[in-house]
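# Structural description and commentary
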Amino acid sequence: MSLGALAFLNPWLLAALATLPLIYWLLRTVPPRPKQVAFPPTRILVGIENRDKEPAKTPWWLMLIRLVAAALVIFALAEPVLNPERERALAGTGPVALVVDNGWTAASRWSERRLMMERVVAHAEAEGRPVVVIATAPAARTVSARLEAPSAARNSAAAIEPQPFAPDRAAALSSLRAALGSGNGGAASVVWLADGVDHAGEATAFANDLAAIAAAGSLSVVTDPASAMPIGLEASVGAGGRLEARILSTGSAARSGMVHALSARGDRLGEAPFELAAGAASAEITLGMPLELRNQVTRLEIAGERAAGAVSLVDARSKWQRVAVLSGESQEQAQPLLAPLYYIERALQPYSELVRPKDQNLADGVAAALAESATVLVLADIGTLSGEVRERVQSWVEKGGVLVRFAGPRLEKGGDDLLPVPLRLGGRTLGGALSWSTPQPLAAFEDSSLFAGLAVPEDVRVNRQVLADPARLDAEVAVWARLKDGTPLVTARRKGDGQMVLFHVTANSDWSSLPLSGLFVDMLRRVATLGSSAPVRREGGGATAAIGTAAPNAIASVLTPLQSLDGYGTLKPPPPTAEAVTVADLARTVASLAHPPGYYGPEGSPRALNVLDDKSTLAPLPHLPAAAVMRGYESQPSTPLKSWLLAAALALLLVDVVAVISLSMGGLSLARLRPGARAAAIGLATIALATPSLLHAETAPAGSVKERPIDVATAEKATGKVTLGYVLTGNDAADQTSRIGLAGLCRVLEARTAVSPGEPLGVDIVNDEIAFYPVLYWPVLPEARDLPEATLTKIDAYMKQGGMIIFDTRDQGRGLPTGVAIGQSGTGALQRLLGRLDIPRLEPVPEGHVLTKSFYLLRTFPGRWDGGQMWVEADTGEGGAGDSRKARHTDGVTSILITSNDLAAAWALDERGRSLYPVVPGGEQQREMAFRTGINIVMHALTGNYKADQVHVPALLERLGQ
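This section reports on the structure supplied with the text. (Residues numbered from 1 in each chain as written. Predicted model: local features only at pLDDT ≥ 70, side-chain atom pairs only at ≥ 80, totals over all residues. Heavy atoms only, no water.)

## Overview of the overall build of the protein
- If you tally the helices and strands in the protein, you get 22 helices and 39 strands.
- The long-range share in the protein, meaning contacts at least 24 apart out of those at least 6 apart in sequence, stands at 74%.
- Carbon and sulfur atoms make up 55% of the accessible area of the protein, which amounts to about 45,500 Å² in all. (Helix = DSSP H or I, 4+ residues; strand = E, 2+ residues; numbered from the N terminus. Contact = heavy atoms within 4.5 Å. Areas by Shrake-Rupley, 256 points an atom, 1.4 Å probe, with all protein chains shown as cover.)

## Remarks on the side chain of T894
- Relative to the assigned elements, T894 resides in the loop between β38 (871–873) and β39 (896–899).
- A polar side-chain atom of T894 sits 3.2 Å from the main-chain amide nitrogen of E873. (Polar contact = N/O pair within 3.5 Å; in protein donor to acceptor, adjacent residues only side chain to side chain.)

## Section: a nonpolar patch on the surface
- Residues W60, L64 and V68 make up a contiguous nonpolar surface patch of about 350 Å² in total accessible area.
- One can find V68 in helix α2 (residues 60–77).
- For V68, a relative accessible area of 35% puts it in the partly exposed group. (Patch = residues over 30% accessible without salt bridge, like charges linked within 9 Å, V, L, I, M, F, W, Y side chains within 5 Å. Salt bridge = Lys/Arg side-chain N within 4 Å of Asp/Glu carboxyl O. Buried < 20%, exposed > 50% of the residue type's maximum accessible area, 1.4 Å probe, protein only.)

## A few points about the sheet that holds strand β28 (residues 571–572)
- Spatial strand order, β28-β27-β30-β31: four strands in an open sheet with antiparallel pairing. Looking at which strands have only one partner, the edges of the open sheet turn out to be β28 and β31 (607–609).
- Note that strand β30 (residues 598–600) and β31 share three bridges and pair antiparallel. Along β31, the bridge assignment pairs G598 with L609. (Pairing = 2+ DSSP bridges.)

## So, the packing of helix α4 (residues 110–127) against helix α5 (residues 150–158)
- At their nearest, the axes of α4 and α5 sit 9 Å apart, and the two run at 170° to each other. With respect to α5, the element α4 is oriented roughly antiparallel. Of the residues in α5, those touching α4 at R114, M117, V121, A122, A124 and E125 are P150, R154, A157 and A158.
- Residue composition of the contact of α4 with α5, by class: seven nonpolar, no polar and three charged. (Axes fitted to C-alpha atoms, helices over the stretch in contact; angles between N-to-C directions. Parallel < 35°, antiparallel > 145°, perpendicular 65-115°, else oblique. Nonpolar A, V, L, I, M, F, W, Y, C, P; charged D, E, K, R; others polar.)

## Describing the packing of aromatic side chains
- Scanning the entire structure with this criterion turns up eleven aromatic pairs.
- Pairing F855 with Y856 gives two aromatic rings, centres 5.1 Å apart and planes at 70°, and the pair type is edge-to-face.
- Counting every residue linked through ring pairs, the aromatic cluster contains F406, F503 and F520. (Phe/Tyr/Trp six-rings, centres within 6.5 Å; stacked < 30°, edge-to-face > 60°.)

## Some details on the sheet that holds strand β7 (residues 218–223)
- Strand order in the open sheet formed by five strands is β5-β4-β6-β7-β32, and the pairing between neighbours is parallel. Two strands lie at the open edges of the sheet, namely β5 (131–135) and β32 (628–632), each paired on one side alone. Across this sheet, the average inter-strand angle for adjacent strands is 20°, counted without regard to direction.
- Here five bridges tie strand β4 (residues 96–100) to β5, and the two strands are oriented parallel to one another. Bridge pairing in β5 places V100 opposite A135.
- In this fold helix α6 (residues 169–180) packs onto β4, β5 and β6 (189–193), with an angle of close to 160° to the strand it touches most, β5.

## Focus: the pattern of salt bridges
- If you walk through the whole model with that rule in mind, you get 34 salt bridges.
- Note that D910 is salt-bridged to R914, the shortest N-O span being 3.0 Å.
- Salt bridges sharing common partners tie together D101, R169, D195 and E202.

## What to know about the environment of C746
- Summarising the element assignment, C746 is placed in helix α17 (residues 732–752).
- Residue classification places C746 among the buried residues on the basis of a relative accessible area of 6%.
- Expressed as a C-alpha distance, the spacing of C746 and T723, which sit 23 residues apart in the sequence, is 9.0 Å.
- Contacts of C746, omitting those with residues within four sequence positions, involve L724, P757, G758 and P760.

## Brief notes about the pairing of strand β10 (residues 255–263)
- Sheet topology places β10 next to strand β11 (residues 268–276); eight bridges connect them, and they run antiparallel. Looking across to β11, one finds that H260 is bridged to E271.
- In textbook terms, the turn of a hairpin is the stretch between consecutive antiparallel strands, and for β10 and β11 this stretch comprises four residues, one of which, G266, has a positive phi near 90°.
- Bridge analysis of β10 against strand β13 (residues 297–302) gives five bridges, and the strand direction is antiparallel. Each bridged residue has a counterpart across the sheet, and for V259 the counterpart in β13 is I302.

## A few points about α17
- For α17, built from 21 residues, the straight-helix expectation of 30 Å at 1.5 Å per residue is met to within 8% by its first-to-last C-alpha distance of 30 Å.
- Burial in α17 covers these residues: A734, D735, T737, S738, I740, G741, L742, G744, L745, C746, V748 and L749.
- Tucked into the core, α17 has its buried residues touching β33 (725–727), β35 (775–779), α20 (903–907) and α21 (923–943).
- Taking the backbone nitrogen of A733 as reference, a side-chain oxygen 3.1 Å away marks N731 as the first, capping residue of α17. (Expected span 1.5 Å × (residues − 1).)

## Looking at unusual backbone geometry
- Here V920 and P921 are connected by a cis peptide whose omega angle stands at 5°.
- For P921, the position within the fold is in the loop between α20 and α21.
- In this structure, S373 is a non-glycine residue whose phi angle is positive, near 60°.
- In this structure S373 comes out as buried when scored by relative accessible area, which is 9%.
- Even without a glycine there, the phi angle at D902 is positive, about 60°.
- Tracing the chain through its elements places D902 in the loop between β39 and α20.

## Some words on the environment of S151
- Its place among the elements puts S151 in helix α5.
- Put simply, S151 and A124 are 27 residues apart on the chain and 10.0 Å apart in space, counted from C-alpha to C-alpha.

## Notes on the nonpolar core
- Counting 39 residues, the largest nonpolar core has I344, F451 and F503 as its most contacted members.
- Listed by contribution, the elements that provide at least two residues to this core are β15 (321–327), α9 (342–348), β17 (376–380), β18 (402–406), β21 (477–482), β22 (488–495), β23 (498–503) and α12 (518–529).
- It is α12 that contributes the most residues to this core, six residues altogether.
- Every residue in contact with F503, bar those within four places of it in the chain, is listed here: V404, R405, F406, A407, F451, L489, V490, M523, L524 and V527.
- With 35 residues, the next largest nonpolar core counts V259, L300, A307 and L313 among its residues. (Core = buried A, V, L, I, M, F, W, Y, C linked by side-chain atoms within 4.5 Å.)

## Quick look at the packing of helix α10 (residues 362–371) against helix α11 (residues 387–398)
- Contact geometry of α10 with α11 gives a least axis separation of 10 Å together with a crossing angle of 25°. By the angle between their directions, the pair α10 and α11 is classed as roughly parallel. Seen from above, α10 lies across α11 with left-handed handedness. Residue-level contacts link L362, A363, V366, A367 and L370 of α10 to V389, R392, V393 and W396 of α11.
- By residue class, the composition of the contact of α10 with α11 is eight nonpolar, no polar and one charged. (Left-handed = near helix turned anticlockwise from the far one by under 90°.)

What follows is the structure, encoded as structure tokens:
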């Protein structure tokens, strides 16, 4: 039952309100006030009347207090709850079915969905009803949904996480029907936590089926507000090589935001704002940036939208290449369609930056092309490269360049050794000795081909070609295209870090109709992407223009999962359910449990699979059945009022006691009470006023420092990822250096290790909870004050339970001398802070300590300064086993580090990755060692002594051999 903003779990108890008149009649009188008679005893009988008196009437205000107290007790027993919406959602007496949309569209507001799941399960538990939890995007191939007790269902709901693909609501409906069975769904309550998107147009049918299941119960559909509906991102390459992004929306409300272009290291290379008007399904933006930055972009994402669909991964296929084109003959200005480079330029121009050397001299033209940092060099009908030109092109290919050659009359003479396969002298011509009776069509591309997945037009015909020597077609030669009779048409071969590719036909329409087809454009586009697979050095010994990472050993026909996006859009190792996909099928593969979005293929040149493509749309939920009750996510959980009402009733009863005592003593004036009665009245009144807060307050030990209540948002932020903390000193400059320094260390950690840390958080060491942080960085300032005893106790418990604190005095050259332990006499700031702390004996980092090899192999631990010593817990005390202050290790992790080298200043980077403070005396090499020191510290804190366990490997191997 609900009334306004109030709901009652036991509404039948409200019938007790009818007894209030009876209570009024019973309590309307009080005993007569005794008459006060002054001593001596001889006057006791004077004036005493020997007849009965009617009791005096109870004052109206006292009667009101008693009636209100009785009403409060009745209301408390009816268990009122401030959440009438939740009560309507669970109308019914049968099981509770909780259906959760957990596709990528639900990820950005997953915390609200998790709270709603907890509320629904809690209400089912209060009513003693079983619960079945169904996720529409399962994380496993086989899902067995079943009715569970609310306590077990709570664990099932907590295990649900957003997935990086669209939900499969039809499969979820089948699981729900199987779980409820034939006789359990009649009075079921169904709660559907919808993501607000109509995937594949099945939302109406799904809602109707849920309404049928909940025919005798209820169907409640919970959705986000219009301003918080999911939005997605799809990226592509536009004209001139600019990155274009299409933002998708359900059109429910106007949206705005920013799209960021990020590198593989997470550096922001560009950004562009977007605006989505109300009712608009999409908006397009363009990110303009220089070619060098453009080719470093690996992902685009919508800022602040943590969802896999708000991320678009970029691979080598979308990189913009510099392609140099050269021909063995001058172009025919009068008849451009006969020119050798006409079709090549028009095929590559939409996807590449063309370099056209103007010098007709081949040597000068090649030199000019390579000087422009071209990654692909296309030669049309150039038969033989010799002398200096051959040496220059060969060296360029071996360093990662891609040489693409087209046949022609000159290559019929055999060519040179910069071809993927030796050629037979003469060509194969229609009507010749090695001819076909009819022009040959193309065969379908093999799965191992670079062109796998491309459709072969039926009207493409080849009349003439150069022939590969069949005796020289070894395993190192890749045949990417064949004619119908099996003759190689496009061959390729690795040479050093680069590739050599040969089209066995001309680049114009003289020998075939291939250049006239759209297939020619797609083939050249894929060949051009090979230029991003290896570094290419600028001709003349200049700086390296690195595009990509490493050249592929071969064109893989099957692409295995390399990295996958999770539901929040973070790249992680692929899940166990991820399966390989063929090159031919990748273009039409839809993100799913078996093929999650991410990178597939070899590490050097992976292919990207995204959640959204150029055909994707986001349709809003249609009108749902009339039986469905539409609801929104409550921002606060339900609040039971029973305890507060009972506390208020108890307080009123105590006030009643004080009032009765006062009336019996002659009035409510405290001045007329005896000292003992006055003290009792004051005490009872104090208890009455303090009772409500005492029922809900936590008591603290005497002399302790009262900590602030734990901020839920801060706790979730600190525990959602590995979060480093820094102690706030009150000095703005020092605190800013600590924050920026730890942020810089986190960026390096994410780029170099498997750790994906969150944003560093400042910690008030006296008032804040510190158990959330595996590592605390504490800059020790000269003006540091002594800490309260309760804070010292908290720090001691933190270090004993596995936490690590880095104390940085930042005073290199004036730190602790060798052999001095904290706790001995001293007047420094560090001694003032920790002199009363129970910490073990310290020693400089010994050779072979786990800290020297937890990630990098280190000998020193510099920061902004070098030369200061780093101190850690000693393995044993000087007193041997009896020394009570020997090192206390938690899995080998030292709980305290002391340095004077100012680590945070060395780690500090601005938004562009530039250092903020100079490091002396070692410069940038010392800064790199400082970052390595930070990485070793964090990895040591997170992984413990696993590196030290390597000493046991010989014994383990020997035992396994036995």
